Every structure is written in structure tokens, then in C-alpha cells.
Amino acid sequence: MNRWLPLAGIAGLVVFTAAVVGFGAALPGFSHVTHPVAVLGAKGIPHANAFNLLGLMLPGLLACSAMLALRQRLPRDAGWTVRIGAQLLLLSALGVVALGLLPLDPTDLHNPASSYHATAWMLWWVAFVPGALLLAAGLRGRDGWWLVARLSVLAAAGVLYAVLFAVDTLPAGIAQRLGFGIWWLWIAFAGWVAWRASSRSA
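Please read all numbers here as calculations on a predicted model, not as lab measurements. (Residues numbered from 1 in each chain as written. Predicted model: local features only at pLDDT ≥ 70, side-chain atom pairs only at ≥ 80, totals over all residues. Heavy atoms only, no water.)

Here's the deal with the overall build of the protein
The criterion, for reference: Counting from the N terminus, the helices are DSSP H or I runs at least four residues long and the strands are E runs at least two residues long. Just to be clear, the radius of gyration here is over C-alpha atoms, and the globule rule we use is 2.2 Å times residues to the power 0.38. Using a 1.4 Å probe on the protein chains alone, a residue whose accessible area is under 20% of its type maximum counts as buried, one over 50% counts as exposed, and one in between counts as partly exposed. Pairs of residues are marked as contacts when any of their non-hydrogen atoms sit within 4.5 Å. The method behind every accessible area is Shrake-Rupley, applied with a 1.4 Å probe, and residues are considered shielded solely by the protein chains displayed. Charge counting follows a simple rule: Lys and Arg are positive, Asp and Glu are negative, and His as well as the terminal groups are ignored. In this description, the location of a charge corresponds to atom NZ of lysine, CZ of arginine, CG of aspartate or CD of glutamate.
A count of helices and strands for the protein gives six helices and zero strands. Listing every helix and strand of the protein by position from the N terminus yields α-α-α-α-α-α. Computed over C-alpha atoms, the radius of gyration of the protein comes to 17 Å, within 12% of the 17 Å expected from 2.2 N^0.38 for 202 residues, which places it in the range of a compact globule. With the principal axes as the frame, the protein shows a C-alpha extent of 50 × 35 × 25 Å. Residues counted as buried form 48% of the 202 residues belonging to the protein. Contacts in the protein between residues far apart in sequence, at least 24 positions, make up 74% of those at least 6 positions apart. With an accessible surface of roughly 9800 Å², the protein has 69% of that area assigned to carbon and sulfur atoms. Here the protein contributes 12 positive and 5 negative side-chain charges, whose respective centroids are spaced 16 Å apart.

Structure follows, in C-alpha cells:
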């Protein structure tokens, strides 16, 4: 595997951020405070297909690459908690890809298209939270991985808060971006750690 592949997480963070900012600026009336990111790729929105490709599918695939690289570089004698956690983290990244493949229909939030999008959204965070916690439990006390373990717990708690509780105290757009921000920062960091591990072993 290419030793630079783990850094795909950082690239995904950059591409996602640029797409959200750029497409948001180009859409009249769009607000990062009140509108969810999915509005930029919703059916009937100008340039929706381009955003779904550049803002969700491509970054999601980059995150998948980083998670695959991380899984390859985890301790070989790690127990089942680490292995299952890594699989769930990969599923979480695939959930971002699915958000682009299954766009929201803003005219009907209860039709099948919107339901599929909601399912992809749930896959993203429902897979990440236990995946990060299992990874943290399996890496606890291992040399070189203690920071990953601690930040995984914090990231899981942060995403859970953003998805389930922040909407009660923060505008919807801010709450969602908080969750995405925590997730992307963790993806970028975990990929960087995997890159460092591969550099030391090279």
C-alpha cells in the first residue's frame, strides 16, 4: 500500500471544507448557520450533482482510503475490539459517500429519497461513535497509540453531542458542522498517525 495513502484523510478534510464554503457562497440565500450541508446537494438545487461529487463522494472516498490505511497499520496483535472498531470507522466513511449518492429531496422529507439520505446520515454517526470507542478500548495502554485512544473517545463524545444534543442549544447548521468538523479532524489525525507509523517502519 502506498505509504502516502493515510494522508488522504487530510486531503478529504480540505476538499470537503472547500466544497462546502465554495458551493455555499455560490447558492443565493444559503446560510451556514441555519441550513444543513445536504441542502447544497439536494434535488433541484443548482450544481447539486457537482457538490455531491466534490463535496461528499470524493471526500468520503478519501476518508475511506485513510481508514483502510489505518486498519493496515494497527497493531497486528490487537484484539477484536480494534478490528471491529476499524471496520465501523470504515463504514462511517462510506456513510459520507452514501450521502452524496442518495441526495435529499427538500420538497418532501418523508419520501423514499429523503429516507435513504437519512439512513446514510445515521450510518455516518451511528457507525463512528461505537467504532471510535472500540478502537480506543483496544489501543489503550499501547505505546505510540495512547493519543489516538484518548482523542477517539473525545471525538465519539463530540459527534454524539453534536448529533443528538447540540440541536437543542445551537442553530441546526452550526450543530451539524460541529459534528462534521470533529469527525473530519479525527479522520485527518488518525490518518496522519498511520502515516507516521508507516514512515517509522519504512
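Still more ground to cover, so stick around.
A closer look at the side chain of N52
Here N52 shows up in helix α2 (residues 48–73). If sequence neighbours within four positions are ignored, N52 has contacts with G41, M57, L99, G100 and P103.

Here's the deal with the layout of surface pockets
This is how the line gets drawn: Grid spacing is 1 Å over the protein atoms alone, the probe is 1.4 Å, and a cavity is where that probe fits but cannot get out, while a pocket is an open set with protein on both sides within 12 Å along at least five of seven lines and lining residues have an atom within 4 Å of a point. Grid points are joined across faces, edges and corners, and a volume is the space filled by probe spheres set on the points. Gly counts as polar in this scheme, as do all residues outside two lists: the nonpolar Ala, Val, Leu, Ile, Met, Phe, Trp, Tyr, Cys and Pro, and the charged Asp, Glu, Lys and Arg.
Estimated volume of the largest pocket: approximately 460 Å³. What lines the largest pocket is a set of 22 residues, among which P36, A38, H117, W121 and Q176 lie closest to the centre. When contributions to the lining of the largest pocket are tallied by element, the ones reaching two or more residues are α4 (112–139), α5 (146–164) and α6 (172–201). A total of six residues in the lining of the largest pocket trace back to one element, the largest contributor, which is α6. By residue class, the composition of the lining of the largest pocket is 18 nonpolar, four polar and no charged.

Some thoughts on helix α1 (residues 8–26)
The test is simple: Expected span of a helix, by definition, is 1.5 Å for each gap between consecutive residues, and there is one gap fewer than residues. Arc definition: directions from the helix axis to the C-beta atoms.
Counted at 1.5 Å a residue, the expected span for α1 with its 19 residues is 27 Å, and the 26 Å between its end C-alpha atoms agrees. What α1 keeps buried is the set A8, G9, G12, F16, A19, V20 and G24. Each buried residue of α1 sits inside an arc of 115° when the element is viewed along its axis, so together they form one side. Opposite its buried face, α1 presents the exposed residues V14, A25 and A26, each directed more than 90 degrees away.

Points about the packing of α1 against α2
The condition is simple: Interaxial angle, 0 to 180 degrees, is taken between N-to-C directions of lines fitted to C-alpha atoms, where a helix line uses only the stretch in contact. What sets the label is the angle itself: under 35 degrees gives roughly parallel, over 145 gives roughly antiparallel, 65 to 115 gives roughly perpendicular, and the rest give oblique. In a left-handed crossing the near helix is turned counterclockwise from the far helix by less than a right angle, and in a right-handed crossing that turn is clockwise.
Following both chains from N to C, one finds α1 and α2 inclined at 165°, their axes separated by 8 Å at the closest point. What the angle tells us is that α1 and α2 run roughly antiparallel. In this structure, α1 crosses over α2, and the sense of that crossing is left-handed. Here α1 contributes A8, G9, A11, G12, V15, F16, A19, V20 and F23 to the contact with α2, which in turn contributes A50, F51, L54, G55, L56, L58, P59, L62, S65 and A66. Considering only residue class, the contact of α1 with α2 consists of 15 nonpolar, four polar and no charged.

A closer look at the packing of α2 against helix α3 (residues 80–101)
Put simply, α2 and α3 touch, their axes get as near as 7 Å, and they point 170° apart. Considering their axes alone, α2 and α3 lie roughly antiparallel with respect to each other. The way α2 lies across α3 gives a crossing that is left-handed. Across from N52, L56, M57, G60, L61, A63, C64, M67, L68 and R71 in α2, the residues of α3 making contact are A86, Q87, L89, L90, A93, L94, V96, V97, L99, G100 and L101. Residue classes in the contact of α2 with α3 are distributed as 16 nonpolar, four polar and one charged.

Description of the pattern of salt bridges
Counted only if it meets this: In what follows, salt bridge is the name for a side-chain nitrogen of Lys or Arg lying within 4 Å of a carboxyl oxygen of Asp or Glu.
For the coordinates displayed, the defined rule picks out one salt bridge. Across the salt bridge formed by D77 and R142, the nearest N and O atoms sit 3.1 Å from each other. Placement of D77 in the loop between α2 and α3 and of R142 in the loop between α4 and α5 is noted, with a sequence separation of 65 residues between them. When its relative accessible area of 58% is taken as the criterion, D77 is described as exposed.

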